[in-house]
Amino acid sequence: MDKPLALALVMFFMLLQTVNSHGMFVSRTDEYIDPGSNPTQLNYGVAVSDVDLDGEFDFIVAGFNGPNLVLKWNSTSEQLENIAIDDTSSPYYNLRDPEGQAIGVCACDIDGDGTEEIYFLNTNNAFSGVAAYGDKLFKFRNGKYEDLFSDVVNSNVKNYFAGRSVACVDRRGTGRYGFFLANYNSGDVGPFALFEMDDALSDVSSGSIVIRDVATEAGTDKLTGGRGVAVGPILNDNGRSDVFTVNERGPNFLFRNLGDGTFEEVAAEYGVDDPDGNGRGVALADLNNDRLIDLVYGNWEGPHRIFMQQPTVGGGRSFRNAASVSSSNFTVPSSIRTVIVSDFDNDGIQEIFMNNIYRGVGPEPNYVYKVYTGGMDGNPTVEEVDIGDALEPEGAGTGGAVADINGDGLLELLLSHGESSSQPLTIYNPTHSTDKNYIRILPKTPSGAPARGAKVLLYTDNCAVQAKIIDGGSGYLNQMEPVAHFGLGSTTANLVEIIWPDTKTLSRSISDADHGTTVHVDHPDNQPIVCS
């Protein structure tokens, strides 16, 4: 976009907000974040997990020139407070790891014990190839978080390559996840990695977890400029998790899960390779309520994409790029970083949030679009709306995630900033959603951990079906809360169907009492047997 035109647009939006306070987001930074827990530093990825194991979710922030942060909601002070404090007696002290220069972060249960481990992807200031300081994989044991890569048994598997995004995938459907790393190569150095627990050599009961890189075995050890990763049953209707990566200096990858623990790369076959793009933020969503998973992502200073999945003659699938058809300005190039798809205001209509990074040249505002179904030829209509306080024209956006962190039914949007400028975190709420209906679905693995990668279908009284994927990693460097958050507007939900990565399914009726709550759904193996 022409910079003078961009500046004029920013000034217009600011003026619009001055006379009309009904934008999508309102700032809660001063209200919701304890000032002592929000240092001005370079931050990157944001993830959501239950760090202190109290049953509530927390924000995890990757610190680059400072410590990593763990922000927990204090219901007494009604603020987010950093619990990864500079105190060696704290069980969360090791999570700080200020030397790591972390960029990506995510969490999932690698050993099947019912709690999530936390992976920090550290760059140590290496752009590509080999980094001088390895990643950290933290497990809660011995009363504190300890790095599994520091164990002697794992001395040969630590990732020293310069990575970008990390995401969780249960490739075999065992309820035990692997950490998928999109590394940035230098020549033949730095292939993608996939770290899993070695079942034969590990002793979960004692906390001895042996890690191995199974990327070659799985068929995902590709060399490219890795960037964003998203995981879920994109092509597999049976629930098996596929992996989509958007790359730089090369085509995208779409790894189709073959059901035997291996993947086949099929991006070109399905038309989503986009070889001239330089991908960043990526998200999975069903944008037209046809139960098929679509791909939304941003290209760095290039046209952004909305790849709609569609059936083909003979029972196959293909994707079409509907970005330019759905919206006149969605494709306009920007310095894009994070892309998030969610229903922020609970009106039953999904939004696409686009987070850009200001680099000191001209304004790089954030954008938000509403996605309306029922467009021409099955394409959604994507309409830009007033973003409100989250415009941030000089925000050095590097990451972000959403979660209902305080349990009020409203999604909080936490944004991190860095790379080009040290800035504190910001947090936003939707402005008009308190009067809207919603329901939240939290599927569990057989061991009780969040079932990341599960597909959740919600049926409503107007004969609509909404589909969402429990996030294993998305946005670019980030990971959203492991909950399917459904805004309902004026409709009522009556049934939810969940498809797990092991292909097992469960249907559950929705009662009036379920509305406005988070419904925890156990894995079918843990459901009580009902005899007739």
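All values derive from a computational prediction rather than experimental measurement.

## Describing the packing of aromatic side chains
Turning to step 1, where the next piece is worked out: The tally for this structure, following the rule as stated, stands at 19 aromatic pairs.
Turning to step 2, where the next piece is worked out: Residues Y32 and W73 carry aromatic rings whose centres are separated by 5.2 Å and whose planes lie at 80° to one another, so their mutual orientation is edge-to-face. Here Y32, found in helix 2 (residues 29-32), pairs with W73, found in strand 4 (residues 69-74); they are 41 residues apart in sequence, far enough to count as distant. Across this residue pair, the class does not change: Y32 and W73 are buried.
Turning to step 3, where the next piece is worked out: In textbook terms, an aromatic cluster arises when at least three aromatic residues are bridged by ring pairs, as seen for Y119, F149, F179 and F195.

## Examining the nonpolar core
Turning to step 1, where the next piece is worked out: Judged by nonpolar contacts, the single largest core of 43 residues is most densely connected at Y119, F179, I211 and I441.
Turning to step 2, where the next piece is worked out: One finds I33, V48, A403 and L415 within the second-largest nonpolar core, a separate group that totals 35 residues.

## Regarding the sheet that holds strand 17 (residues 263-265)
Turning to step 1, where the next piece is worked out: Read from one edge of the open sheet, four strands run 14-15-16-17, paired in antiparallel fashion. For this open sheet the edge positions go to strand 14 (225-232) and strand 17, each flanked by a neighbour on one side alone. Across the sheet, the axes of successive neighbouring strands diverge by a mean angle of 20°, strand direction being ignored.
Turning to step 2, where the next piece is worked out: Two strands pair when backbone bridges link them, and strand 15 (residues 242-248) and strand 16 (residues 253-257) are joined in this way by three bridges, in the antiparallel orientation.

## Examining the confidence of the model for the protein chain
Turning to step 1, where the next piece is worked out: The pLDDT averaged across the protein chain works out to 92; a share of 92% of its residues lies at or above 70.
Turning to step 2, where the next piece is worked out: Every residue in residues 6-20 is under pLDDT 50, and counting partners more than four places away or in other chains gives 18 contacts.

## Observations concerning the pattern of salt bridges
Turning to step 1, where the next piece is worked out: In total, this model carries 30 salt bridges according to the counting rule given.
Turning to step 2, where the next piece is worked out: Between R305 and D274 there is a salt bridge whose closest N-O contact spans 2.9 Å. Linking R305 in strand 20 (residues 305-311) with D274 in the loop between helix 4 (267-270) and strand 18 (279-285), this pair joins segments that are 31 residues apart in sequence.
Turning to step 3, where the next piece is worked out: Overall, the relative accessible area of 8% leaves D274 in the buried class.
Turning to step 4, where the next piece is worked out: A salt bridge links D525 to K504; its shortest N-O distance comes to 2.5 Å. Taken together, the positions of D525 in the segment after strand 35 (518-521) and K504 in the loop between strand 33 (493-499) and strand 34 (505-509) put the pair 21 residues apart, joining distant regions of the chain.
Turning to step 5, where the next piece is worked out: D525 sits in the partly exposed class, given a relative accessible area of 46%.
Turning to step 6, where the next piece is worked out: One network of salt bridges, with partners in common, ties together R171, R172, E196, D198, R212 and E217.

Procedures and definitions
Residue positions within a chain follow its written sequence, with the count starting from 1. For this predicted model, a pLDDT threshold of at least 70 governs which residues receive local features, and a threshold of 80 or more governs which side-chain atom pairs are given and counted, while totals over whole chains, interfaces and linings are taken from all residues. Here the side-chain values reflect all heavy atoms present in the structure, with hydrogen atoms and water set aside. Only the six-membered ring of Trp is used, alongside the rings of Phe and Tyr, when aromatic pairs are assigned; centres must lie within 6.5 Å, and planes under 30 degrees apart are stacked while those over 60 apart are edge-to-face, with the rest tilted. Labels follow the DSSP assignment, with helices taken as runs of H or I lasting at least four residues and strands as runs of E lasting at least two, numbered in each case from the N terminus. The classification of residues rests on relative accessible area computed with a 1.4 Å probe and restricted to protein chains. Under 20% of the type maximum is buried, over 50% is exposed, and intermediate values are partly exposed. Only buried residues count toward a nonpolar core, which is a set of Ala, Val, Leu, Ile, Met, Phe, Trp, Tyr and Cys residues joined through side-chain atoms within 4.5 Å. A pair of strands is labelled paired if DSSP reports no fewer than 2 bridges between them. Only the contacting stretch of a helix is used when fitting its axis, a line to C-alpha atoms as for every element, and angles between N-to-C directions run 0 to 180 degrees. A score from 0 to 100, pLDDT tells how confident the predictor is in each residue. Contacts were defined at the residue level, with two residues in contact if any of their heavy atoms lie within 4.5 Å. What makes a salt bridge here is a side-chain nitrogen of Lys or Arg within 4 Å of a carboxyl oxygen of Asp or Glu, nothing more.

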